[in-house]
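Geometric and topological summary
Listed here are the chains, written in short residue letters.
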Amino acid sequence: MLESIHRHVTLTSSVTDNGDLNPYAVVVAPVSAGTIQKDDVLVDNFNNLSNLQGTGTTIIDYRPSTKQTTLFAKLPQHLPECPGGVGLTTAMTMLKTGWIIVGSTPSTDGTTATKGDGCLIVLDPNGKMVAAWSGPTINDPWGDMAVVDNGSTATLFISMAGFGLPSPDVIDKATGFPVVIHKATVLRLNLKIPDGKPPVLVDQTVIGDGFAQRADRDNFLLGPTGLALGPDNTLYVTDGLENVITSIPDALSRTDSAGTGRQLTKDGLLSWPLAMVYTPVGHLLVCNGKDGQVVEIDPVSGKQIYSQWIDSDQAQSPPGNGDLFGIALTPDGQGFYYVEDDMNTLVRGGK
């Protein structure tokens, strides 16, 4: 797919009236509901006006048909139902029934020293919060979700990267970096969506655990970020700290944890793999966190096929370092939307 992508068009700024910035999640609306039209692109912000991470509370709605951008949702900084407050992450989806579910990984000072456990927030299609889910298995919902949506039921896969995570001041003397711990998980949540009513959380299962995570001053935290589900129910997971993509078999049906799964591909063109999508031809597209490239991978062979610089900002070293987060396919499957964190913009890559 990447070889056919030749044009990159900046569509809109993600910065909202209240100054929120640092775009993370990118979601294409599967239906028209409330203020959202089918194929609109929703983008959330992780930072507030002060550029503190874990404090963004807004979601924008970009409409490709009119090229207009509106504020879809603005949440309060503090929610009693969300331990630690609100800082919206790459974990966001919109269901066919019109409900939006978004993860919160909150902080008060922009670092993990003050992070809360966070929650998953349910919004109606007019941007109004209707529910929040928290609990012992939910600790800083972090990476982009893989979703199976059957209408009246849905299954979400979300990485949880906050368990036991200390302040970035806790340094590993051997490396000079904040300590790495291996407590991040992949959680499967099964939902029931009653007619005209918000989704209900039926059950949840940890299907992956032991993934690497650490605090980071520049990136808040580093942990498993990209999740993509193949048609054979294999779930692919990006682990940036280990610079690897692993696979968890039988993700929809398994009743136990596969640990970190089986290694699919490591190193090579990968440079801190982050968000990931499954393409119509059955390949994986992965954004790199440490450079501005996106990488295409064949999950059958594990071969890294191709890479393309989609953010070559020379202000970073290497170019585009730390700029890429969320990614989503365009509705026709021929291109993809992504965000450039350095410019706070939504971009479309296409033919």
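Before reading further, recall that the structure is shown in the block above.
Residues numbered from 1 in each chain as written. Predicted model: local features only at pLDDT ≥ 70, side-chain atom pairs only at ≥ 80, totals over all residues. Heavy atoms only, no water.

Comments concerning the sheet that holds strand E21 (residues 293-298)
Read from one edge to the other, the open sheet built from four strands follows the order E19-E20-E21-E22, with strand pairing classed as antiparallel. Strands with a single pairing partner mark the edges of an open sheet, and in this sheet they are strand E19 (273-278) and strand E22 (303-309). With strand direction ignored, the average angle separating the axes of adjacent strands in the sheet is 25°. Pairing between strand E20 (residues 284-288) and E21: four bridges, direction antiparallel. Paired with Leu-284 across the bridge in E21 is Ile-297. (Pairing = 2+ DSSP bridges. Helix = DSSP H or I, 4+ residues; strand = E, 2+ residues; numbered from the N terminus. Axes fitted to C-alpha atoms, helices over the stretch in contact; angles between N-to-C directions.)

Here's the deal with the packing of aromatic side chains
Describing an aromatic ring pair means giving the distance of the ring centres and the angle of the ring planes. By the definition in use, this model includes seven aromatic pairs. Aromatic pair Phe-336 and Tyr-338: ring centres 5.7 Å apart, planes at 45°, arrangement tilted. Here Phe-336 falls in the buried class, since its relative accessible area comes to 0%. Assessed through its relative accessible area of 1%, Tyr-338 is described here as buried. Joined through ring pairs, the aromatic side chains of Tyr-24, Phe-46, Trp-142, Phe-220 and Phe-325 make up one cluster. (Phe/Tyr/Trp six-rings, centres within 6.5 Å; stacked < 30°, edge-to-face > 60°. Buried < 20%, exposed > 50% of the residue type's maximum accessible area, 1.4 Å probe, protein only.)

Digging into the pairing of E20
Most of E20 sits out of view: five of its five residues are buried. As judged from the four bridges shared by E19 and E20, these two strands associate in the antiparallel manner. Paired with Tyr-278 across the two strands is Leu-284, which belongs to E20. Hairpin connection from E20 to E21: four residues lie between these consecutive antiparallel strands.

Treat this as a map of the structure, not an account of what it does.
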